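So the chains spell out like this:
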Amino acid sequence: MNITQEQFQFIVNSDVEQLVCRLQEDKGMSISDAFGRVYNSEIYKKLLNVNTGLYLQSSDYIYDYLCEEVR
């Protein structure tokens, strides 16, 4: 699949937004803690790597992996 850098960044930003919202709702985190958790995770590093294809997955799928990492 060929996408532009702008499209890729939009998808990643949308996923991050969803992950942060879920962490706030499910774990009661503040917005700054939730962003910190996402941006400092291995999942985020994989999300930024277009070769992993993780950006093509649903935010629920990515969230499940983020929660596994946190445990």
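Another aspect to go through is the nonpolar core. Judged by nonpolar contacts, the single largest core of 18 residues is most densely connected at Val16, Leu23, Val38 and Leu47. Going through the elements one at a time, helix H1 (5-27), helix H2 (31-39), helix H3 (42-48) and helix H4 (59-70) are the ones with two or more residues in this core. In terms of residue count, H1 provides more of this core than any other element does, six residues in total. Discounting residues that sit within four places of it in the chain, Val16 has contacts with Phe35, Val38, Tyr39, Tyr44 and Leu47.

A few words on the pattern of salt bridges. Taken as a whole, this structure holds three salt bridges when the rule is applied. With a closest N to O distance of 3.4 Å, Arg22 and Asp26 form a salt bridge. On the criterion of helical spacing, the pair formed by Arg22 and Asp26 is a turn pair, its members being four residues apart in helix H1. What makes Arg22 partly exposed here is its relative accessible area of 24%.

A few words now on the packing of aromatic side chains. For any two aromatic rings, the description comes down to two numbers: the centre-to-centre distance and the angle of the planes. Enumeration over the complete set of coordinates arrives at four aromatic pairs. Between Phe35 and Tyr39, the ring centres sit 5.7 Å apart and the planes meet at 25 degrees, which makes this aromatic pair stacked. In this pair, Phe35 and Tyr39 both sit in helix H2, four residues apart, roughly one turn of the helix. Phe35 sits in the partly exposed class, given a relative accessible area of 29%.

Once that is clear, we can look at the confidence of the model for the chain. Residues at a pLDDT of 70 or more form 99% of the chain, whose mean pLDDT is 95. When mean pLDDT is taken per element in the chain, H2 scores highest with 98 and H4 scores lowest with 94.

Positionally, Asn51 belongs in the loop between H3 and H4. Between the C-alpha atom of Asn51 and that of Gln24, which follows or precedes it by 27 residues, the distance is 29 Å.

About the cut-offs
Residues numbered from 1 in each chain as written. Predicted model: local features only at pLDDT ≥ 70, side-chain atom pairs only at ≥ 80, totals over all residues. Heavy atoms only, no water. Core = buried A, V, L, I, M, F, W, Y, C linked by side-chain atoms within 4.5 Å. Buried < 20%, exposed > 50% of the residue type's maximum accessible area, 1.4 Å probe, protein only. Helix = DSSP H or I, 4+ residues; strand = E, 2+ residues; numbered from the N terminus. Contact = heavy atoms within 4.5 Å. Salt bridge = Lys/Arg side-chain N within 4 Å of Asp/Glu carboxyl O. Phe/Tyr/Trp six-rings, centres within 6.5 Å; stacked < 30°, edge-to-face > 60°. pLDDT = per-residue confidence, 0-100.

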